[in-house]
Amino acid sequence: MNEQRKSIFAIIFEFLASLKLAVILLVIFAAMLSWATFYESSTSTEAAQRLIYKTLWFDLYLFLLGVNVTCSALKRFPWKKHHIGFVITHTGIIIILLGSLVTRKFGVEGTLALLEGESADSIRLEDIVLSVTAPRLHVREDLNPWFIQDGIPQNKEIQYAIGDSGITCYVDRYFFNPRTVENVISDPQSGNPAVCILFTQAGDSSSMAPQWLMLDQPGRESLDLGIAKVLFERIPTQEALLERLNPPEIKPDLSADDPQGEILLKDAQNNVIQTIPLKHLTAMPHTFAYNNAQFIVKLIEFVPRAGIHDGKLVNHESGKLNPAVKYELHGPQGVENHLAFSLFPDLGSSHGKNESLSGLQGQFNYPIKDSSVSENLVTIFLGPSGNLFYRAANLAGQLASGEIKKGDSFDTTWNNIHMTVVDFIPTAQITHDIVEGGRAMGMHNDPIVRIRLEYKGETAEEYARFGVPVSMTVGGETCTVEFGPRKFPLGFTLQLIDFNAPNYPGTNRPARFESDVMLIDPDNNINEQRKIYMNNPLAYNHFLVYQSSYQKGRNGEPDQSIFSVARAPGTPIIYFGSIVLTIGMIIMFVSKKRNFMQAPPSESF
Amino acid sequence: MKRTSVFAFLTIVVLLPAQAIEPPNHFPLDALRDLPILNNGRYKPLDTFAGETMKTITGRWRFNKNDHVAMLVSLLAFPEWTHETMIRIDYLPAKIELDLDQSRNHYSFNELAGNAGLQQAFERIGEKQRRNIKLDRLESELGSIFHQLSLFQEVMNGNELTIVPPPPGADEEAAWHTISQADGYSQETLGAMRETYSRLITSVRQANASAFEQASLQLRTQMAQLNPQIYPQIKEMEREIHYNHFRPFLKSWILYLIAFLLFLFSFGLERKTALYWSSFAIFVLGFALNTYGLLLRSLISGRPPVSNMYESVVFVGWGIIAFALIFELVYRERWFVTIASALGVCMLVLADLLPFDPNIEPLVPVLRSNYWLLIHVLTITLSYSAFALAMGLAHVNLGIYFYLPHRRDLLAQMSLFLYRMLQVGVVFLFAGTVLGGVWAAESWGRFWGWDPKETWALISLLGYIAILHARHTGWLRDFGVAVCSVLGFWLILMTWYGVNFILATGLHSYGFGSGGGKYVLAYMIAEVIFLIAVAMKYKTSAFTKFTPVSSNEL
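Residues numbered from 1 in each chain as written. Chains lettered and ligands numbered in written order. Predicted model: local features only at pLDDT ≥ 70, side-chain atom pairs only at ≥ 80, totals over all residues. Heavy atoms only, no water.

Q: What is the right way to read the packing of helix H14 (residues 309-331) of chain B against helix H16 (residues 370-403) of chain B from this model?
A: Helix-helix packing: each pair is described by the crossing angle between the helix axes and the interaxial distance. Residue and element names in this part refer to chain B. One way to put it is that H14 packs onto H16 with a least axis distance of 8 Å and a crossing angle of 60°. With respect to the hand of their crossing, H14 and H16 are arranged in right-handed fashion. Residues Ser-312, Phe-315, Val-316, Trp-318, Gly-319, Ile-320, Phe-323 and Ala-324 of H14 lie in contact with H16, whose contacting residues are Leu-378, Thr-381, Leu-382, Tyr-384, Ser-385, Ala-386, Ala-388 and Leu-389. Grouping the constituent residues of the contact of H14 with H16 by class yields twelve nonpolar, four polar and no charged. (Axes fitted to C-alpha atoms, helices over the stretch in contact; angles between N-to-C directions. Helix = DSSP H or I, 4+ residues; strand = E, 2+ residues; numbered from the N terminus. Left-handed = near helix turned anticlockwise from the far one by under 90°. Contact = heavy atoms within 4.5 Å. Nonpolar A, V, L, I, M, F, W, Y, C, P; charged D, E, K, R; others polar.)

Q: Would you mind going over the interface of chain A and chain B with me for this structure?
A: By a widespread convention, an interface's size corresponds to the accessible area lost as its parts come together. Between chain A and chain B, the residue contacts involve 62 residues of the former and 68 residues of the latter. Taken together, both faces of the contact between chain A and chain B bury some 6200 Å²; the carbon and sulfur share is 67%. On inspection of chain A and its partner chain B, the count reaches six residue pairs in polar contact (both at pLDDT 80 or more). For the side of chain A that touches chain B, the secondary-structure elements that each account for two or more residues are helix H2 (19-42), helix H3 (45-53), helix H4 (56-75), helix H5 (84-106), strand E33 (543-552) and helix H10 (571-590) of chain A. Per-element tally for the side of chain A that touches chain B: the top contributor is H2 of chain A, with 14 residues. Residues of the side of chain A that touches chain B, tallied by class, amount to 35 nonpolar, 18 polar and nine charged. (Buried area = accessible area lost by both parts, 1.4 Å probe. Polar contact = N/O pair within 3.5 Å; in protein donor to acceptor, adjacent residues only side chain to side chain.)

Q: Explain a positive patch on the surface to me, please; I cannot follow it from the model alone.
A: A contiguous patch of positive charge on the surface is contributed by Lys-55, Arg-60, Arg-62, Lys-65, Arg-247 and Lys-251 of chain B. Here Arg-247 of chain B shows up in the loop between helix H11 (234-246) and helix H12 (248-266). (Patch = residues over 30% accessible without salt bridge, like charges linked within 9 Å, V, L, I, M, F, W, Y side chains within 5 Å. Areas by Shrake-Rupley, 256 points an atom, 1.4 Å probe, with all protein chains shown as cover. Salt bridge = Lys/Arg side-chain N within 4 Å of Asp/Glu carboxyl O. Lys, Arg positive; Asp, Glu negative; His and termini not counted. Charge placed at Lys NZ, Arg CZ, Asp CG, Glu CD.)

Q: So what exactly am I meant to see when it comes to unusual backbone geometry here?
A: Residues apart from glycine generally show negative phi values, whereas peptide bonds are mostly found in trans. In this model, Asn-535 of chain A sits at a positive phi of 70°, which is unusual for a non-glycine residue. With respect to the helices and strands, the residue Asn-535 of chain A is situated in the loop between strand E31 (526-533) and strand E32 (538-540). Phi is positive for Asn-64 of chain B, close to 50°, though the residue is something other than glycine. The topology assignment puts Asn-64 of chain B in the loop between helix H3 (46-58) and helix H4 (68-77).

Q: What is the right way to look at the pattern of salt bridges in this model?
A: Charged atoms that come close allow side chains of opposite charge to pair. Residues and elements named next belong to chain A. Inspection of every chain in the model, using the stated rule, returns 35 salt bridges over all chains. Between Glu-126 and Lys-54 there is a salt bridge; the shortest N-O distance is 3.7 Å. Placement of Glu-126 in strand E2 (residues 119-134) and of Lys-54 in the loop between H3 and H4 is noted, with a sequence separation of 72 residues between them. Of the residues examined, Lys-54 reaches a relative accessible area of 43% and is grouped as partly exposed. Connected via shared salt-bridge partners are Asp-127, Arg-140, Asp-142 and Arg-486. (Buried < 20%, exposed > 50% of the residue type's maximum accessible area, 1.4 Å probe, protein only.)

Q: Explain the nonpolar core to me, please; I cannot follow it from the model alone.
A: Nonpolar side chains tend toward joint burial in soluble globular proteins. Leu-494 of chain A together with Phe-283, Leu-389, Leu-398 and Met-421 of chain B are the most contacted members of the largest nonpolar core, which totals 137 residues. The dominant element in this core, judged by the number of residues it contributes, is helix H17 (residues 408-444) of chain B, at 19 residues. When sequence neighbours within four positions are dropped, the list of residues in contact with Met-421 of chain B reads Phe-323, Phe-327, Phe-336, Ala-386, Leu-389, Ala-390 and Leu-393 of chain B. Counting 65 residues, the second largest nonpolar core, distinct from the first, contains Leu-38, Ala-121, Val-164 and Val-204 of chain B. (Core = buried A, V, L, I, M, F, W, Y, C linked by side-chain atoms within 4.5 Å.)

Q: Would you mind showing me how to read the confidence of the model for chain A here?
A: Keep in mind that low pLDDT regions are not for reading the predicted coordinates in detail. Residues and elements named next belong to chain A. Considering every residue of chain A, the mean pLDDT works out to 82; 88% of them sit at 70 or more. Between the elements of chain A, mean pLDDT differs from a low of 46, seen in helix H9 (residues 348-351), to a high of 93, seen in strand E30 (residues 514-521). Residue range residues 349-354 is modelled with pLDDT below 50. Its contacts to residues more than four positions away, or to other chains, number five contacts. Per-residue pLDDT stays below 50 along residues 597-605; that stretch engages in 23 contacts with residues further than four places along the chain or on separate chains. (pLDDT = per-residue confidence, 0-100.)

Q: So what exactly am I meant to see when it comes to H12 of chain B here?
A: Residues that lie three or four places apart on an α-helix share one face, since the helix turns once every 3.6 residues. Residue and element names in this part refer to chain B. The end-to-end C-alpha distance of H12 is 26 Å, a good match for the 27 Å that 19 residues give at a rise of 1.5 Å each. What H12 keeps buried is the set Pro-248, Phe-249, Ser-252, Leu-255, Tyr-256, Ala-259, Phe-263 and Ser-266. Angular distribution of buried residues about the axis of H12 spans 120°; they occupy a single face of the element. (Expected span 1.5 Å × (residues − 1). Arc of directions from axis to C-beta.)

Q: Explanation requested: the environment of Thr-473 of chain B in the structure shown.
A: All names here are of chain B. Mapping Thr-473 onto the fold places it in helix H18 (residues 452-473). Take Thr-473: its relative accessible area is 8%, and that puts it in the buried class. A polar contact of 2.8 Å, which involves the side chain of Thr-473, links it to the backbone oxygen of Ala-470.

Q: Explain the sheet that holds strand E4 (residues 158-162) of chain A here, please?
A: Residues and elements named next belong to chain A. An order of E4-E5-E26-E27 is seen for the four strands of this open sheet, with the pairing classed as antiparallel. At either margin of the open sheet sits one strand with a lone partner, and together these are E4 and strand E27 (458-465). Shown here is a sheet whose adjacent strand axes are inclined to one another by a mean of 25°, direction ignored. Bridge count for strand E26 (residues 448-455) against E27 is eight bridges, and the pairing is antiparallel. Counterpart to Glu-454 in the pairing with E27 is Thr-459. (Pairing = 2+ DSSP bridges.)

Now the structure itself:
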């Protein structure tokens, strides 16, 4: 029995030490690597690294090579004199493999992107983690988010224990390309009325999406559409409601068709540079100097009840009050036609010239006495009985009001725009759902995970967006959860002072990239300026910080420097192994006696 | 931007009458030749600028045997050149795409600028480039036609002639200007240089050689006085002109070819004859010129001569000769120098034949370390030389199997030589690869990252080590080693050329290019046919009866 076991070991050892295995392993390895380079060329470096070079089976293959090299060296033990070169060579290979193992095991490789002035004391590694920190419990755990490969099946959740702290972390949703969807649902507890409105314009099919207004939620009780506004208000008594629905009629204090008001000319920064009373302009053109140039404003017409018909400005005799002026601006750039509406100050540019060459824009201020109507406004009232009412007014003083039910629509008095109450929920709540399917065209939003923490019988749930830490309190403990690249502390701080990418003279080709950085390590009293450029990395605390690329800022000047940071503790071992291997190889090749070829024995063909 | 100007220009010149233009080859051009110009990020003599420009536009330095500087001044003086068929297009699919006359290789600016297909292609290519989409071969060829056209136009308009240095006090990045754009000098100075320049152009138009000489000498003096601090040394310009005109690599491959033929004849004779020694002397002279050319290039570019594909092919040729010289001195056999001189001719001719850019261009930042370039790139390139020489030896070895199978003494000797060459190659390839790793570790922080170039260097190493081990197991015999040494060189070709021209990914991205694929393919097919023929002969011969060498003797 013992005898046989020994021989099985011997057979296995013989096989592992055999030269034929070596040849087979070498050829397969070479074939595998060449396939990998073609794979990398057709996909990406990242994919090749992840699916080939940084896999367990690749490591296992290297291990098998190492076993083969070791066994073949041991097989010839005790070594004779002519084995020196052979043994040294194979020892060199084993040392190199060990060195790469040390780097693989204890090495760090990451990136650091710094804007000018910015500083950092940790780098981002390539792998992604879900890190949970509970500072008071002195717990910090980097969880492996393996679900980013295959996703999480429906109704399943992944459970992680956070060290021995007793905190349990659950992940039940993972969205690679998320999109946020808002839902308004009935919630008897909230007492927060919600109304969903929709604007439609006759003859315009491209209506806006329905919008929810929430009465008791600050920021959601009104809607600002730019040229008009919608408000949602609660009116506690019947009297107040009546008064709000039927205010005294608003009238301009003048004969509407008189040329009144003034034209304000503004520059590109919206500063008023000229105020021209319309009355003066009807009598004579207005001349002024601006930016060392002479300008003349000539009135073409004043249209009190303006409308656009067939693309032309017309006056509707019995139409709504909508004062507009049309004038010419003569300047060094030539003559520009301007059109300004008093009620719709933003409209002029869309009906007139697209871009003013002079950079000047006109605003027409037409006086209307009733200051309560300062904008186009629709108000939706929630009456004392819980019914809805509306009141619509425009700057021209037109008014409409009445009761409104779910599904009804009414004229807002603004340019034929109608509003429909699509839905009304007397007591509602907003919920957000995150669903898959954000951006298209090969882009994606930052991934999101849903996390639940359990501790001492309490639970807390939160969505965590990639790279954004979230704070969660559960069982009296405040925890920080971050889903993103693993961070690795440098043990010192780097601050980017300045980044430069000077070009070769007269070209756009960079001659070098260089970063001036401040190296700060208070523990060792170090605070000094260093220069990092290609082929001149910064070495500190066993890290090597080297210039890898840069990003251009808004002004086109490079302002973000990107460094690669690495710590490879196996490198000296690899150097040593390489020297050993080279020496062994030279000994083996110069020795005349024993070598691969046994040359030149003429009978050995 | 430039695209529209090409077509706008067309309307102006198309109306001019056609007439043959004679470039002023007989003019005294030397005063202009060494005029420094800042072009593509490098200070060079006008001679180089003119030659490189003519090469880009016409495919040759000396188009129709005309002096390139004469061509340049003629282009500046005569807008009529737009009628001349001088823009080279030799990529057939591009001619088909543009509906051009396929029997020609040169086309006039006017016929190309008016080509509707070309205009559409430019827009398509521009759109792809904006979106960072890789261009296919046809598109990149059409893109280079666009480059030729705009260069032609810019040269004719004088916009490329940046010979005016910035005034004293400008920073090191400052561009040089053309005479008409020059700025920062007094009106007087500017007026004087403009007057000289216009006299120069007029003298070309009027074919007035003495006025030309006077104006060019004056221009040269005026330029040199502007900013003497940064103005390049005339000595450096002269050296580059000497390199351009001496053509050391052309001379050395001719010498290698003569040496090769003489060596072949000497095989029938006793070894130490006068014929052998004279051919050896020619061989060494060729090597000296090859070395001299590489040294000149290094002095001009200020870096080791291995920073682009052209230089590396020339350097591999140099390395083959160097190894052969050493082995010849050790073994005193004619094989090394004979094979090496043939391979040397191949390498130096290929460097000019293949579409590798021979211009000296500034380096990308990552390569700007002469120290590492010298020790890593030179070592790894020398391993290519050793394996190329091994490949040549293997061919001779296989040839003996084919024609002289009874000469076992010769076969044994050749097998030893081949084995020694493989050893040298393996040591250099290993050392070069490790030194590359050391460079990577010292400047990028990691020794090894499975970058395609690194990986292919390792694959080559593994391949050659597998050959040595398989020889030892007895799976391969001397014949098999010779066959595998021929095939092993394919791995070197992939590492050397394929990673940059076929895979075109990875960190060694500074040397990417396209073209030359058909030469490599033809070489590989020829090798396969050769190996099949030899193998068939070998199988039927008596060699197979011998028992293999016993393994596990170590």
